[in-house]
Amino acid sequence: MSEPIRVRFAPSPTGFFHIGSARTALFNWLYARHTGGTFLLRIEDTDSARNTQQALNFLLDGMRWLGLDWDEGPDRGGDYGPYFQSQRGEIYKQYRDKLLAAGRACEKDGAVYFKLQGERKTVYDEFKKAEIEKVEAAPVTIRDAIHGDVVRAETQDFVIWRSNGDPSFHFVNVVDDIEMKITHVIRGEDHLSNSSKHVELFNALGATPPVYAHIPLILKSTGQGKMSKRDQGALIEEYQRRFFLPDAVRNYLCLLGWNPKTDEEIMPIAEIIRRFDLPGINKSNARFDEKKMAHFNTVYTQALGAEEFFEKGVAVLRAESALLQDADINYVKDVLSLCQPKLAGLEALPEYTRYFFAETYGEDVAAREKTLKKKGLAGVREVLAEFLIFADAQTDWADEPLEAALKIFAEQKGRSTGEYIHAARLAISGRSVGPSFYGLLRVLGKQRVASRINAWLSKPENL
Ligand code: GLU
């Protein structure tokens with residue numbers, strides 16, 4: 001039997017939670033869930049000058065929001081803790097001393113260097129303008145599930161313990177992967193250049209290196225250069241703030257460097273877990289597409305169950321103070337279920353529903369121009385006056401009867417239903433687009449429809 005799979009996400013909390021980091025966390029999580037292995041979260045916080053509590057909070061919060069639950073790590077514990085590198089100093093010292101005792105490390109100018117094995121010669125380095133020692137070490141093999149075997153040779157001893165008393169990234173990263181029995185290291189391709197150092201360390205410490213999976217970089221939407229934290233859409237925190245659905249964001253992130261080898265894109269996470277595997281990860285870089293992410297969010301939002309959509313919708317309206325304190329719950333329910341089918345995302349909800357919850361909601365300039373351009377003000381007034389008569393005569397104020405009745409009414413008047421729809425929508429909502437027209441009439445109610453049209457007709461600018 002092969003050993004149980006253990007993977008880790010090992011972030012350094014130095015800023016916001018970037019989508020590149022989130023995608024690395026996600027791929028580790030997917031692999032653990034796919035294989036029934038263990039996913040652990042290890043905080044690489046040895047650089048006390050750059051690590052902050054706030055950055056850690058963004059990270060933990062973002063992971064939870066995305067549903068990336070860890071089996072071992074902060075707040076959870078586990079058999080291989082502590083899971084903060086800042087608390088593991090004693091362990092690192094033991095490993096350092098082991099290398100020193102074995103002659104695989106040496107002290108120089110206050111720092112401790114890992115010593116490569118091989119023939120040494122002193123050469124002049126043009127770039128550094130100094131003599132340096134080069135080592136002809138035998139190449140090591142990085143076993144990579146995506147790139148295949150990558151064979152690289154290190155040529156210089158490297159620091160494992162700095163002169164300021166802190167262990168180096170390379171060293172603690174490898175020590176912890178040994179101590180925590182990590183079997184697969186899934187991380188960004190930018191770390192591939194570190195991996196030969198890491199394999200050297202594993203070998204010197206008598207441990208088998210893990211299988212690596214260096215995942216492709218995420219490029220900016222223009223395709224030019226690596227996505228940076230300053231790029232629009234780069235931070236998980238931004239999606240949280242904008243009321244994106246975490247399932248939509250997670251689904252989109254799954255496809256940044258992986259796909260099921262079919263055209264399917266929007267899939268339940270259980271299905272992605274079932275199909276995800278390391279060899280399926282692309283070698284080529286992934287390109288971030290903000291529009292596509294927004295599209296995923298729209299699809300997920302429109303697919304929410306009525307109850308869930310209502311809960312989330314009310315929370316958004318409250319957060320944006322877009323809901324009257326005394327709003328009737330059944331009215332709010334009707335508004336939300338009417339608006340869900342065409343809503344782009346929860347972020348758009350306060351604006352999309354404004355005229356349902358306020359009598360002063362403003363008129364969209366373009367919508368007004370569009371409606372008046374065709375018929376002129378007098379024409380629109382005439383149509384609205386007829387519509388008032390129509391509305392008053394209706395006894396069955398529900399979508400289908402209203403639709404059927406308006407059709408007959410329009411035929412009698414020799415007009416298209418569209419003429420009534422455009423004019424009335426402008427008068428009762430101030431827009432030219434929105435939810436289904438008959439649903440809009442139903443939800444606003446007969447009285448409110450009539451009073452809004454009357455109010456519109458008596459506004460000075462509409463006389
Ligand atoms: N702390 C490193 C980083 O954030 C971890 C790299 C690794 O996964 O090995 O990039």
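Just so you know, these numbers come straight off a predicted model, no measurement behind them.

### Notes on the site of the ligand
As a structural note, the neighbourhood of the ligand is formed by Arg8, Ala10, Pro11, Ser12, Glu44, Phe169, Asn173, Arg187 and His191. One of the side-chain nitrogen or oxygen atoms of Asn173 is found 3.0 Å away from an oxygen atom of the ligand. For the ligand, whose free accessible area comes to 300 Å², the fraction covered by protein is 80%. Taken together, the residues of the shell around the ligand break down into three nonpolar, three polar and three charged.

### What to know about the environment of Arg452
For Arg452, the position within the fold is in helix H17 (residues 446–457). For Arg452 and Ser429, which are 23 residues apart along the polypeptide, the C-alpha to C-alpha distance reads 8.6 Å. In this structure the side chain of Arg452 is engaged in a polar contact, spanning 2.8 Å, whose partner is the backbone oxygen of Ile428.

### With respect to helix H15 (residues 417–429)
Under the 1.5 Å per step criterion, the end-to-end length of H15 is 18 Å for 13 residues, consistent within 8% with the ideal 18 Å. Within H15, ten of the 13 residues are buried, which leaves the element mostly enclosed by the surrounding structure. Within the span of H15, buried status applies to Gly418, Tyr420, Ile421, Ala423, Ala424, Arg425, Leu426, Ala427, Ile428 and Ser429. Next to the buried residues of H15 lie helix H12 (349–357), helix H13 (365–393), helix H14 (399–413), helix H16 (437–444) and H17.

### Topic: the packing of aromatic side chains
Tallied over the entire structure, the rule returns 18 aromatic pairs. Between Tyr252 and Phe288, the ring centres sit 6.0 Å apart and the planes meet at 80°, which makes this aromatic pair edge-to-face. In this pair, Tyr252 is assigned in helix H7 (residues 246–254) and Phe288 in the loop between strand S13 (286–287) and helix H9 (290–303), connecting sequence segments 36 residues apart. Taken together, the ring pairs connect Phe387, Phe390, Phe409, Tyr420, Phe437 and Tyr438 into an aromatic cluster. It is Lys108 that lies over the ring of Tyr113; its NZ or CZ is 5.1 Å from the centre. Lying across the ring of Phe158, Lys197 places its NZ or CZ 5.8 Å from the centre.

Rules and cut-offs
Residues numbered from 1 in each chain as written. Predicted model: local features only at pLDDT ≥ 70, side-chain atom pairs only at ≥ 80, totals over all residues. Heavy atoms only, no water. Near = heavy atom within 4 Å. Polar contact = N/O pair within 3.5 Å; in protein donor to acceptor, adjacent residues only side chain to side chain. Areas by Shrake-Rupley, 256 points an atom, 1.4 Å probe, with all protein chains shown as cover. Nonpolar A, V, L, I, M, F, W, Y, C, P; charged D, E, K, R; others polar. Helix = DSSP H or I, 4+ residues; strand = E, 2+ residues; numbered from the N terminus. Expected span 1.5 Å × (residues − 1). Buried < 20%, exposed > 50% of the residue type's maximum accessible area, 1.4 Å probe, protein only. Contact = heavy atoms within 4.5 Å. Phe/Tyr/Trp six-rings, centres within 6.5 Å; stacked < 30°, edge-to-face > 60°. Lys NZ or Arg CZ within 6 Å of the ring centre and 35° of its normal.

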